Each structure stands twice: as structure tokens, then as C-alpha cells.
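Single-letter residue listing:
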Amino acid sequence: MKLRGAKIDTMLWISLALVVVFGGATIWFHNETFIKWKPTVLYWAMAFSFWASTTFFGKNLLQAMMGAQLQLPDIAWKRLNLSWIAFFVAMGVLNLLVAYNFSTDTWVNFKLFGGIGLMLVFTVAQGVYMSRFMPPEADSAEAADQARKLP
């Protein structure tokens, strides 16, 4: 991204730092516990970011990122923000439960497939929730008529 001149998102820098620190500690100490903590720290950093931006700065990060594309009532943005905070906290706890109660192979599979699967299910659930606030689309006949009237 840097070579293409694109701006690198702050969370990518945080993720890189966590990989370097926890990966380095894993190699240095020959102890896989450090790398198992990395997803939890990242999840909790995300949760903290969503919470702190609202609490200390009065800014809803979800609304800031998606507000131009979605028009939702303030209560919906607040609920979405709280649900993402809860999700990231829960994912961090779940990562630790799997890391400390199952083999490393099981943890790797959970991290790869379970984490992605849970994120997908949660994101779809968020989409369903947001759809409640979307204006109904015009039926296809009206849309076709309006399209023909455009210059």
C-alpha cells in the first residue's frame, strides 16, 4: 500500500506492531503463548477504540466510517457501536478460552475458521439490523419509469 501511495489505516499499523511484538516474543522465548495473545489484544484494542471514541470524543467510529453511505437514526448507530464493542470483547475472551483449553492445532483452526465464521455471522446480523432502517425501494416499474426520464 505504501508503494502505491495509499494511506495505511491506523488499525493496520497496530496489527503490524502486535505481530512484531508478540511474534518476536514467541520466537525469542520459544513460547507460543505470546502469539496466542495477539488476536485477543487486537480484538480488545478494537473494542477500546470504539468505546473511547464515543466516550471521550463523542464520535461514533461506525457512523464516521459508514455515515455517508447509510442514513440511520442516532439510536441505531449507538446500538451498532455497542454491539461491535461487545463482539470484540467476546471474541477476545473466546480466543483466550480456546488458547488455554485446547491444543495449539485446535486454536489455529479456531483462529482461522472460527474467527472468520463468527465475524461473518455477526456482520450479516448487523446488516439485517440495519436493513430495518432502510427506506423501501421503489418497485421495478417505478424505477424503470424514473430511469427513462433521466437526461
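Attention in this report is confined to the structure presented alongside it.

Parameters at a glance
- Residues numbered from 1 in each chain as written.
- Predicted model: local features only at pLDDT ≥ 70, side-chain atom pairs only at ≥ 80, totals over all residues.
- Heavy atoms only, no water.
- Core = buried A, V, L, I, M, F, W, Y, C linked by side-chain atoms within 4.5 Å.
- Buried < 20%, exposed > 50% of the residue type's maximum accessible area, 1.4 Å probe, protein only.
- Helix = DSSP H or I, 4+ residues; strand = E, 2+ residues; numbered from the N terminus.
- Contact = heavy atoms within 4.5 Å.
- Patch = residues over 30% accessible without salt bridge, like charges linked within 9 Å, V, L, I, M, F, W, Y side chains within 5 Å.
- Areas by Shrake-Rupley, 256 points an atom, 1.4 Å probe, with all protein chains shown as cover.
- Salt bridge = Lys/Arg side-chain N within 4 Å of Asp/Glu carboxyl O.
- Phe/Tyr/Trp six-rings, centres within 6.5 Å; stacked < 30°, edge-to-face > 60°.

### Regarding the nonpolar core
Part 1 of the argument: Counting 22 residues, the largest nonpolar core has Phe50, Leu72, Leu80, Trp84 and Phe88 as the members making the most contacts within it.
Part 2 of the argument: For this core, the secondary structure elements donating two or more residues are helix H1 (10–29), helix H2 (33–57), helix H4 (74–101) and helix H5 (104–131).
Part 3 of the argument: If one sorts the elements of this core by residue count, H4 sits on top with 8 residues.
Part 4 of the argument: When sequence neighbours within four positions are dropped, the list of residues in contact with tryptophan 84 reads Phe50, Leu62, Met119, Phe122, Thr123 and Gln126.

### Some words on a nonpolar patch on the surface
Part 1 of the argument: On the surface, Trp44, Val89, Val93, Leu94, Leu97 and Leu118 cluster together to form a nonpolar patch covering roughly 450 Å² of accessible area.
Part 2 of the argument: When residues in the nonpolar patch are grouped by element, the largest group, 4 residues, is from H4.
Part 3 of the argument: Counting through the fold element by element, leucine 94 comes out in helix H4.
Part 4 of the argument: The class of leucine 94 is partly exposed, set by a relative accessible area of 31%.

### Some thoughts on the packing of aromatic side chains
Part 1 of the argument: According to the stated counting rule, one finds 11 aromatic pairs in the structure shown.
Part 2 of the argument: Where tryptophan 84 meets phenylalanine 88, the ring centres are 5.5 Å apart and the plane angle is 40°; that geometry is what we call tilted. Of this pair, tryptophan 84 and phenylalanine 88 are both found in helix H4, 4 residues apart, which corresponds to roughly one turn of the helix.
Part 3 of the argument: Considering the side-chain rings of tyrosine 129 and phenylalanine 133, the 5.3 Å spacing of their centres and the 70° angle between planes classify their relative orientation as edge-to-face.
Part 4 of the argument: Ring-pair connections join several aromatic residues into one group, and the members of that group are Tyr43, Phe50, Trp84, Phe87, Phe88 and Phe122.

### Overview of the side chain of glutamine 126
Part 1 of the argument: Note that glutamine 126 resides in helix H5.
Part 2 of the argument: Residue glutamine 126 is classed as buried on the basis of its relative accessible area, which comes to 9%.

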